[in-house]
Amino acid sequence: MTNLKVHDTAPLGPVSDLEGDLASLRGDCARMSGHWSPPAPVSSLPVSPSLIHGVTVPPTSARLLDAMSDYGD
């Protein structure tokens, strides 16, 4: 299903105004910031290594990781 409603509050001007400048971009962002809310913070607790089991790594991935240096040398 397509939402055909258009909410355009910006005035239409010459095509050159579509490029805009940094001030207009910041204004656009400020107007749009109320439309989105930040994601809920995720709180995760450490898991004991004894509880982690059943993890399998495909051999090709294991070889790829083994070929990588530990600290980007």
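Read on for a plain summary of the structure. (Residues numbered from 1 in each chain as written. Predicted model: local features only at pLDDT ≥ 70, side-chain atom pairs only at ≥ 80, totals over all residues. Heavy atoms only, no water.)

## Quick word on the overall build of the chain
- Each helix and strand in the chain was counted, giving two helices and zero strands.
- Per-residue burial over the chain gives 0% buried out of 73 residues.
- Per element, the accessible surface of the chain, about 7,700 Å² overall, is 62% carbon and sulfur. (Helix = DSSP H or I, 4+ residues; strand = E, 2+ residues; numbered from the N terminus. Buried < 20%, exposed > 50% of the residue type's maximum accessible area, 1.4 Å probe, protein only. Areas by Shrake-Rupley, 256 points an atom, 1.4 Å probe, with all protein chains shown as cover.)

## Description of a nonpolar patch on the surface
- Where nonpolar side chains cluster on the molecular surface, the patch consists of V47, L51, I52, V55 and V57 and spans about 510 Å² of accessible area.
- Examined against the element boundaries, I52 turns out to sit in the loop between α1 (22–32) and α2 (59–67). (Patch = residues over 30% accessible without salt bridge, like charges linked within 9 Å, V, L, I, M, F, W, Y side chains within 5 Å. Salt bridge = Lys/Arg side-chain N within 4 Å of Asp/Glu carboxyl O.)

## A few points about the environment of S48
- Summarising the element assignment, S48 is placed in the loop between α1 and α2.
- A polar side-chain atom of S48 sits 3.0 Å from a polar atom in the side chain of S50. (Polar contact = N/O pair within 3.5 Å; in protein donor to acceptor, adjacent residues only side chain to side chain.)

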